[in-house]
Structures are given as structure tokens and as C-alpha cells.
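# Chain and residue survey
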Amino acid sequence: GGINSQNSWNNRGGIGNNQGRSTGSQYGRPSGPPTIVQLPQVPDTMRQTDAPPSDREHVEMEIIKSLIDSYFCIVRKNYIDMVPKTIMYFLVNHVKDELQNELVSELYREAEIGFLMKEAEDIALRRKTCLEMKDLLEKALEIVNEVRDFNSFAK
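Residues numbered from 1 in each chain as written. Predicted model: local features only at pLDDT ≥ 70, side-chain atom pairs only at ≥ 80, totals over all residues. Heavy atoms only, no water.

## Here's the deal with the overall build of the chain
Definition in use: Secondary structure elements are defined from DSSP: runs of H or I of at least 4 residues count as helices, runs of E of at least 2 residues count as strands, and each element is numbered from the N terminus. The contact definition used throughout considers only heavy atoms, calling two residues in contact when any of these lie within 4.5 Å. Throughout, the Shrake-Rupley method with a 1.4 Å probe supplies accessible areas, and for residues the shown protein chains are the sole cover considered.
Within the chain, the regular secondary structure consists of three helices and two strands. For the chain, the N- to C-terminal ordering of α and β elements is β-β-α-α-α. Within the chain, contacts between residues at least 6 apart in sequence are counted, and of these 70% link residues at least 24 apart. With an accessible surface of roughly 14700 Å², the chain has 61% of that area assigned to carbon and sulfur atoms.

Dropping the structure here:
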């Protein structure tokens, strides 16, 4: 049977109740700010009756079942989405930390420091060439200064 409460629904502010509101628009919407939907008072005690539920109670039960089912589907979907993300988060962070530790330990091995700090051959050759060019340019500048100074004394 249905559930019958000692306090019956009396349509005071129930869902879908438009009492006291005027519909100012042509579409049947209330004019002005929307009013707060108030649910009826929850009964103190409930008892089961042998009478079958009314059509309204049946519709309300189906709506509540549908809403609860939708809610649990959303929650289930969120958990299904979060599990792989959480696993990947912890897996990737663990691998990142371990990889960084391994790379740093490989980089700072004592035996490898000399090899890692060794200058590449092409860079050493370029540095040597640049130093020779600098020395030649300094000598050329000295010669130019001597010629200029000689010409200034000759006049």
C-alpha cells in the first residue's frame, strides 16, 4: 500500500503551487522577482495504509526515483573518471621523482666529472682561433697607433 501521513498535503506552498503570484507576462511566467518554493511540513509520524498510492503520490515517487538514479549515475561517472586520473597522477609523479634522482646521481658521479667538464674539440679550436685573432688585432692596433703618432710628430 501507500504511505499516508497524519498531516496531509494541503497545497500550502507545495511544488507547482502558484497561489498568490500573478503572471504578468504572456508566457505565463510570474512578473517580478521569483518567489521561493516552499515544501510542505514534514509529518511527525508516518504509517502504512492499505490504500494504493494516489496518482500524485505515484508520480512523485517516480520523479524521486528518477532523480536519485540520475544522481547516482553522475556520481558513478565521476568516480569512473577520477580513478584513472588519480592513478596516472601518482604514477607519473613517482616516475618523475625517481627519474630525476637517477639522472642527478648519474650526472654527479666522481669518475664522470672530468669527462663532462672536458671542452669539446671544435669549441677548443674556435677559442684558440679567437685568441690568435685577438693577439693579431692588438698588434695591428699598436702599429696603427705608432703610424698615427709618427705622422703627428712629423708635421
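After that view, the rundown keeps rolling.
## Considering the packing of aromatic side chains
As a reminder of what qualifies: Between 30 and 60 degrees the pair is tilted, below 30 it is stacked and above 60 it is edge-to-face, where a pair is any two Phe, Tyr or Trp rings, Trp via its six-membered ring, whose centres lie within 6.5 Å. Remark: exposure states derive from per-residue accessible area (1.4 Å probe, protein chains only) relative to the maximum for the residue type, with buried under 20%, exposed over 50%, and partly exposed in between.
Under the criterion given, the structure shown has two aromatic pairs. Centroid distance Tyr 71 to Phe 72: 5.5 Å. Interplanar angle 70 degrees. Geometry classified as edge-to-face. Judged by its relative accessible area of 51%, Tyr 71 falls in the exposed class. Classification of Phe 72 by relative accessible area gives partly exposed; the value is 47%. Considering the side-chain rings of Tyr 89 and Phe 90, the 5.1 Å spacing of their centres and the 75 degrees angle between planes classify their relative orientation as edge-to-face. The burial state of Tyr 89 is the same as that of Phe 90; both residues are exposed.

## Considering the pattern of salt bridges
Condition: In what follows, salt bridge is the name for a side-chain nitrogen of Lys or Arg lying within 4 Å of a carboxyl oxygen of Asp or Glu.
Here the structure, examined in full by the defined rule, presents eight salt bridges. For Glu 62, the salt bridge identified is with Lys 65, shortest N-O distance 3.9 Å. One end of the pair, Glu 62, and the other, Lys 65, are both in helix H1 (residues 55-107), three residues apart, so they sit about a helical turn from each other. For Glu 62, a relative accessible area of 36% corresponds to the partly exposed category. Among the ionic pairs, Arg 148 bridges to Asp 149, the shortest N-O distance being 3.7 Å.

## Regarding a nonpolar patch on the surface
What counts, and what does not: The patch calculation keeps residues exceeding 30% relative accessible area without a salt bridge and links them within 9 Å when they carry like charges or within 5 Å when they are nonpolar (Val, Leu, Ile, Met, Phe, Trp, Tyr).
Together, Val 83, Ile 87, Met 88, Leu 91, Val 92, Val 95, Leu 99 and Leu 103 make up a nonpolar patch on the protein surface, roughly 740 Å² of accessible area in all. Here Val 95 shows up in helix H1.

## Quick word on the confidence of the model for the chain
Low-confidence regions, as indicated by low pLDDT, have predicted coordinates that should not be scrutinised in detail. Condition: Scored between 0 and 100, pLDDT is the confidence that the predictor attaches to each residue.
Residues with a pLDDT of 70 or more make up 78% of the chain, whose mean pLDDT is 80. Per-residue pLDDT stays below 50 along residues 1-27; that stretch engages in 47 contacts with residues further than four places along the chain or on separate chains.

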